Structures are given as C-alpha cells and as structure tokens.
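# Results of the structural survey
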Amino acid sequence: MKRPTEVEKSTSVARRLEQVREIAGAVNASSDLSAILDQIVFSTCHHASWWTSGIMALNRANGYSELVTRYTPPGAISPPLPTRWSLDTSPSRLAVERRQPIIIPDAQTTTEYPGYRGDAIARDYHTVVVVSLNVSDADGRDLVLAVHSKEKIEVGKEELDFLSTISHLAAIAVNKAKLVAAERAYSARLKGVLDLSSTLFERVLEGGRMDVIASLIEATLLHPLSVVDFTTDRIYASRAPDGVALAERQWGDLIQGEGAPVLRNLVRTTMPSDFRTTYSMTIEGVVLGKVHVEPIRIDDETVGGLVIFPSGPGLSDLDILVAQNAKFALSTLLIRSHVAHRQLFAQVSDLLERAIDGRVTDEPAFRARAAQLGWSFRADTQLLLVDPTVPESTKMVDLGPYRALERELKRLLPSTILGAVGGQIVIGFPADDYIGNERLRKIMLAAVETTLKRETGHRPGIVEFPPLTSVSLFAEAYRSCVRTLTLARMFGRHGLVNEKDFGPYALLISALDDDAIPAFIGQTVGGIKTYDRQHETEFLKTSAVFIEQNCGFRRSAEVLGIHVSTLRYRIRRIGKVFGIDLKDAETRFALGLALRLDEMQRSEHQRT
C-alpha cells in the first residue's frame, strides 16, 4: 500500500481542522439544548464520512438507553423501530463506564449487542462507533454519540480522535446550554418571587383565604409544604413530599389526621431560624426525611407555622427568599385573626370578671353587652370553672389552649362563650342546652378534659356552677367553685369535681377566710418549720410521712430511709418539743390539713 505523502497528510489535517471549525460553529450557534443535540448529529454526518448518527441518553432509573435525537440522510430507510434498548446489552453503557469509544465492526452480524443488530439490519448500516459525550442532559442522564457507516469500514486512530474532538465540542455546548437554561430559570423564578410578594400582599390586604395564599406560595416555592394555622386550628397541605408514595387525598388525610399533632408540636417547639434548620420527621411510620420548620410568632405566642418538605438536597438561597416572603405574608394574615380573637377573649373575660367581682349594677346593660359579645344570657346560665393546672396559664401569654378549647366546644354547642379569670377558664352556655341534654353534657365535659390535656400536657380540674338566674349570684357561686378547685389541687384530683368529693375538708375550707388560713397554718405547723430551719432537723417531713402512712412505723421508716428506732425517737421528740401527740386522731387531722393548706399556698405563690 502506498503511504500518503507529506502534502496529502497536510491536506487531510487541514480538512479535519476545517470540519472541526464548522462543527464548532454549528453546535455553538444556539443556546437551546434540543437544537444543539440536533445540530451535533447533523454536523457529524454532513462534515464527515458517516452516513447516519444519533444521540442516546442513559436512563439508569428505568434501565434503558433512550434515543434523544437522530440524523438520517434524505432517502434513507426509516422504518418504525424501537427507540430504547436495555442497558444490560447496550454499548452506550460501556462507552460511559469505560470512558473510551466502543467500536462495532459490523452491527448486522454482532451477537454482543442484539439491539444494534436488529436496528442495523432494518436501517441497512454496518460499522458503528459509540462515543461518550462526557456530559449529562437537564435530567442528569449521561449522553453518548453513535455514528453509523453505510459500508463495513476500518476505524482508525485519526477518525477516533476526530470523534473525540466532536464529543468535547458537544460537551462544551451542552454545558453552556444548561448554564443558560439555569440562568433563565433563575431569572424567571426571581421575577416570580417579586411577583409573589406583590400578589401575596394584595390577597392578604383583600382578606384572602388561607388556602388560596398557601396555594400561591407552593406554586412559586416548587417544594411541597404545609401551613399550620393555630388561630383556626387548621392545617393546609399541598402535594405529598418526594419519595412518599401517597396520592394527594391520602396525604391530605394523613396530615389532617394522625400527622396533625406531630406537625403542631413541631411548630410549637421549634425556634425561629429563617428556614436554615432542618428536622427529621416521621408520621405513623411514614418517613418524611428532613423538613424545614419556621414558626410564626405574635406577642410571644406561636400562632402558626410553615413546614417545607424540600425536593432534592434542600432549599436554595432563592427558595429561602421565597419562604421568608411567604412567612411575612402569612404573619400579616394571621395577626388579623389573632388580634381579633385576643380582643374578643379579653372583652369576654372582663365581662365575666365584673360579674364575679360583683361590679355589675345594671343587669339589663350587662345582658346587652353580653349579647354583643356573642353570649346569649337568657333566663339562666350554666358556667364551668376550669383549672388548667399549668403555671403559665396565670400569665395568659399563650391563647393557644383557650382557642383550641373554644373551637371544640363551639362545635358541640355554638352558644358557648369562654373567658379567663385569675388564671382559670370560665366557660358559659345556656343552662337549658347543657343540663337538659345529659349526653351532650358528658361529651362537653370530656371535650374540656381531653382538649386541655392535649394542649397543655396536664389534666384540668372542672367544677360546675349552679344554674345562675341573676348576675348577682355570680360572685358567691364563683367563690364556692374556687374553694372546690383549691381542694382538687390539694388532693391531686382532676376532671369533674364537687364539694361532696372532699367531705369535711370542703366545710373547713369554706369556714376559713383568706386571713384565717395563714393563721391556722402558722399555729399548727409554724413552730415545727421554724425549729427545722434553725436546727436542720426534719420533724415536719417526718410528721407528714407518718400521717400519710397511717402511723405505720415500718412503712414510714422505709419512705424516710431511716431505721424504725430512729423514727420512734423522732416521734417522741416531736411530742416533747411541740406538745403534739401524733397518736391522737384530731391532732393528725389538724396537722394533715395544715400541711395540705401550706402546700397549696406555696404552689399558688409559685404560680403567681
């Protein structure tokens, strides 16, 4: 065979360089990815000796090599054939994994690549070269270029270098197109963020509904989300998070059902972080992964929150900007409801407090004011006094538990009103509706207990007022109920209680006024407390345990962690020093009462 001359070699190189320049110009003429890929397959055949060509994408998710685009010269056979082939027998996968061209000398006779054999026979081509473009498309699929020869040819190093150069040029063009697309998408989203801010506040100022606002936020944020609204006790959920195989309705049922307490608790216990902190979340065995939680707080009270379930690795800076704008709009929407409810709650509480304090001098005016606040004060009224047993309740900072209780009771009896006096909840409704329906009465009492237990973590004490036919009866009825709740706290009782539950203690408490109680405590146990403090003894604790254990020496000694003989010595010393005979029933009763009253007063002091 005659070797090419230097002139021939120079001419060949010049031709190749000219082809490369033409191909580079062609593939860089557009920033549209589809147009670039079409131009690559056309230029590869038009500026070189290949008959047909195509670009495939490796879709590892479904296990196929998928045709993206193909060039076939005019007049060539174009039968309807498959456009995807199994990766298990695809040379495209090998070209990507090995990072080197795959050459099929004759695709019509190959047994290694059955997909290519069928296509080659149908389209009448022979030699094939598959080259990785070393780049992925917008969906993250690796791209490969395949060229086909009409005849069976020998592929030399020069041709492989040429195809490699084409692949590099294509990779540069594809990456540029992806970057341009990303910049356009970013600009479009940035404009969307600006439009969202304007649209959101227009809707908020127009009094738009929370579900509409939540939909607008989700459409711009592009991540699944939920909005928790404590002012209405509702949760608004968009689509299910990525990776959660639940239909829209199933996801909504989960969030509104078993997932509601989880979401509410997460929002209540989370500190604001401008969506920078993530939390792991699981609902009824459904793993939701990492979520971004941002509470919305007004006047030191959490009134709602935004929960975002990020798609992909997390939230971008632009996502966080969208979320922050959304939080601001939601805050504006929630503050309106929050302030209105707080104002109504304060007005009802003030009205109840005036009645309880005996400051109502004009009953018709009182009834008119009550009607304005939604309280139909008819011939008689039934009140409940509820002790939440939560120290923070006296400060009235967080209206969440009260709001939740009011919603639940109004659902059962729309005429319900609710306020607070002295850190205790006062619930009122027409007596006929309450007493006349025993089933409804039991349901409402259970609702009070379960709702406050859920909201505060503590079981409340509940006392029923007698039916009130006049505002003048409020004050004495309230004092009686407070005494009963005081006893309930002393004895650790919860749920519905009344004076009969406490026997003689109720009578004793009712006989003691506010000044008499401290005097009784001082006379009964004051000396023991002073002696213990000065001499570092434990006579008061010993007396309390001895009374609680019904004067049982062995059991009392076990509780105190001392020997029985030590206990007997202490009992004798208590009798000698203080003149107290713990074997006397009346003495034990008085001492036990004083201890309980003292504990109650200390507890009340801590609460205030």
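Everything below is about the structure shown above.
One structure accompanies this document, and this report is about it. No experiment lies behind these values; they were computed from the predicted model shown.

## Quick notes on the packing of helix 9 (residues 317–356) against helix 10 (residues 363–372)
- Axis separation between helix 9 and helix 10 bottoms out at 10 Å; the angle between their running directions is 160°. When the interaxial angle is binned, helix 9 and helix 10 end up roughly antiparallel. Pair helix 9 / helix 10 crosses with left-handed handedness. Taken together, the residues of helix 10 that come into contact with helix 9 (itself represented by Gln347, Leu351 and Ala355) are Phe366, Arg369 and Ala370.

## Describing a positive patch on the surface
- Taken together, the side chains of Arg554, Arg568, Arg572 and Lys583 define a basic patch exposed on the protein surface.
- Residue placement: arginine 572 occurs in helix 19 (residues 564–578).

## Looking at the pairing of strand 8 (residues 234–237)
- In this sheet, strand 8 lies alongside strand 7 (residues 225–229) in antiparallel orientation, the contact comprising four bridges. From the neighbouring strand, aspartate 229 faces strand 8, where its bridge partner is arginine 234.
- Taking the residues between adjacent antiparallel strands as the criterion, strand 7 and strand 8 are bridged by four residues, where aspartate 233 takes a positive phi near 60°.

## A short note on a nonpolar patch on the surface
- Together, Tyr186, Leu190 and Leu321 make up a nonpolar patch on the protein surface, roughly 260 Å² of accessible area in all.
- Mapping leucine 190 onto the fold places it in helix 5 (residues 157–205).
- Since its relative accessible area comes to 32%, leucine 190 is described here as partly exposed.

## Quick look at the sheet that holds strand 3 (residues 84–86)
- The sheet built from six strands is open, its strands ordered 3-2-1-6-5-4 with antiparallel pairing. At either end of the open sheet lies a strand with only one pairing partner, and these are strand 3 and strand 4 (102–104). Averaged over all pairs of adjacent strands, the angle between strand axes in this sheet comes to 25°, irrespective of strand direction.
- The sheet contact formed by strand 1 (residues 52–59) and strand 2 (residues 64–71) spans seven bridges and is antiparallel. Each bridged residue has a counterpart across the sheet, and for methionine 56 the counterpart in strand 2 is leucine 67.

## Quick look at the sheet that holds strand 13 (residues 417–421)
- Strand order across the open sheet formed by five strands is 13-14-12-15-16, with mixed pairing between neighbours. Among the strands making up the open sheet, the edge pair consists of strand 13 and strand 16 (495–496).
- Summarising the sheet, strand 15 (residues 461–464) and strand 16 pair through two bridges and their orientation is parallel. Pairing of isoleucine 462 across the sheet is with leucine 496, part of strand 16.

## As for the nonpolar core
- In this structure, Leu352, Trp375, Phe465 and Phe474 are the most contacted members of the largest nonpolar core, which totals 52 residues.
- The greatest single-element share of this core, amounting to eight residues, is contributed by helix 14 (residues 474–491).
- In terms of nonpolar packing, the next biggest core, distinct from the first, is built from 25 residues, Ile36, Val41, Ile55 and Val129 among them.

Criteria and cut-off values
- Residues numbered from 1 in each chain as written.
- Predicted model: local features only at pLDDT ≥ 70, side-chain atom pairs only at ≥ 80, totals over all residues.
- Heavy atoms only, no water.
- Axes fitted to C-alpha atoms, helices over the stretch in contact; angles between N-to-C directions.
- Helix = DSSP H or I, 4+ residues; strand = E, 2+ residues; numbered from the N terminus.
- Parallel < 35°, antiparallel > 145°, perpendicular 65-115°, else oblique.
- Left-handed = near helix turned anticlockwise from the far one by under 90°.
- Contact = heavy atoms within 4.5 Å.
- Patch = residues over 30% accessible without salt bridge, like charges linked within 9 Å, V, L, I, M, F, W, Y side chains within 5 Å.
- Areas by Shrake-Rupley, 256 points an atom, 1.4 Å probe, with all protein chains shown as cover.
- Salt bridge = Lys/Arg side-chain N within 4 Å of Asp/Glu carboxyl O.
- Lys, Arg positive; Asp, Glu negative; His and termini not counted.
- Charge placed at Lys NZ, Arg CZ, Asp CG, Glu CD.
- Pairing = 2+ DSSP bridges.
- Buried < 20%, exposed > 50% of the residue type's maximum accessible area, 1.4 Å probe, protein only.
- Core = buried A, V, L, I, M, F, W, Y, C linked by side-chain atoms within 4.5 Å.

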